[in-house]
Amino acid sequence: MRGRTLLVGTVALLLLAGCTGGAQENPDDVADQGYQSGDGSTTTWAEGDRTGPLELAGTDFEGTAQDVADWRGDVVVLNTWYANCPPCRAEAPDLAALSTDYAADGVQVLGINRTDDAGTALAFERQFEVPYPSLADTDGAAIAALQGTVPINAVPTTVVLDRSGKVAGRILGLADPSTLRSMIDELLAEPAPTT
């Protein structure tokens, strides 16, 4: 009996080692499954240290063109997500509420989804009553545009642009609602950009 327990334990360790080894050999495996957990860490940049303006455009899951340049003068919240990503599902109600609560204050929210087809993405949006659009980013162009300005090391990641379209903040992983709202409030309090 002891030998069989030892054998089962050894097989279990080998299987675990196999999963770990595969992830180390190809770190993109986790991202391709839809999410790579972030720790919720937040980075903000002072007004003089911000990069941008970010150029990001594409088509949403309903076929409508979206371009963040159209929202210059507003604070923009960008959120990468995937329908089967547990932290994405956890933060969806908070992001939907944020979008509704700040709509009249000049805050725009745009999702970015590089994995789902339209049916899956739209079902997610209906389930969580998401009032804002999401880019269908299967070609990775939107993520590449973000990566050129701010590292996106996890899904979900939330990036906040100031009213000039510059990257002002980033949250890796599940976004804490109070942290995100504080970040937005601070940006709304900044002087409006001059044109």
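Above: the structure in question.
What this report covers is the structure whose coordinates are included nearby. (Residues numbered from 1 in each chain as written. Predicted model: local features only at pLDDT ≥ 70, side-chain atom pairs only at ≥ 80, totals over all residues. Heavy atoms only, no water.)

What about unusual backbone geometry?
Consideration 1: Cis geometry is found at the peptide bond from G52 to P53, where omega equals 10°.
Consideration 2: Summarising the element assignment, P53 is placed in the loop between β1 (42-44) and β2 (57-59).
Consideration 3: The residue E129 is not glycine, and still its phi comes out positive at about 50°. (Helix = DSSP H or I, 4+ residues; strand = E, 2+ residues; numbered from the N terminus.)

Considering helix α6 (residues 177-189)
Every α-helix carries 3.6 residues per turn, so stepping three or four residues along brings you back to the same face.
Consideration 1: A rise of 1.5 Å per residue sets the reference length of α6, with its 13 residues, at 18 Å; its end C-alpha atoms lie 18 Å apart and thus fit the reference within 8%.
Consideration 2: For α6, the full list of buried residues reads L180, M183, I184 and L187. Looking down the long axis of α6, one finds its buried residues gathered within 95° of arc, a one-sided arrangement. In this structure, α6 carries E186 and A189 as exposed residues pointing more than 90 degrees from its buried face.
Consideration 3: In the core, the buried residues of α6 are packed alongside β1, β4 (75-80), α3 (86-101), β5 (107-113), β7 (157-161) and β8 (167-172). (Expected span 1.5 Å × (residues − 1). Buried < 20%, exposed > 50% of the residue type's maximum accessible area, 1.4 Å probe, protein only. Arc of directions from axis to C-beta. Contact = heavy atoms within 4.5 Å.)

A look at the sheet that holds β7
Consideration 1: With mixed pairing, the 6 strands of this open sheet are ordered in space as β1-β8-β7-β4-β5-β6. The open sheet terminates on both sides in strands that have one partner only, identified here as β1 and β6 (134-136). Going from strand to strand, the sheet's axes swing by 15° on average, the running direction of each strand aside.
Consideration 2: For β5 and β6, the ladder comprises 3 bridges, and the chain directions are parallel. When the bridges of β6 are listed, N113 appears paired with A136.
Consideration 3: Here α3 sits on the sheet and contacts β4, β5 and β7; the angle it forms with β4, its principal contact strand, is near 160°.
Consideration 4: Docked against the sheet, α6 engages β1, β4, β5, β7 and β8, running at close to 180° with respect to β8. (Pairing = 2+ DSSP bridges. Axes fitted to C-alpha atoms, helices over the stretch in contact; angles between N-to-C directions.)

Looking at the pairing of β4
Consideration 1: Among the 6 residues of β4, 6 are classified as buried, and the element is accordingly described as predominantly covered.
Consideration 2: Side chains V75, V77 and N79 of β4 all project onto a buried face; the interleaved residues V76, L78 and T80 project onto the opposite face, where all are buried too.

With respect to the side chain of D74
Consideration 1: Structurally, D74 is set in the loop between β3 (65-67) and β4.
Consideration 2: The buried charged residue D74 lacks any salt bridge partner; its closest oppositely charged side chain belongs to R163, at an N-O distance of 6.8 Å.
Consideration 3: At 3.1 Å, the side chain of D74 forms a polar contact with the side chain of Q108.
Consideration 4: D74 has contacts with G106, Q108, L161, D162 and R163, leaving out every residue within four places of it along the chain. (Lys, Arg positive; Asp, Glu negative; His and termini not counted. Salt bridge = Lys/Arg side-chain N within 4 Å of Asp/Glu carboxyl O. Polar contact = N/O pair within 3.5 Å; in protein donor to acceptor, adjacent residues only side chain to side chain.)

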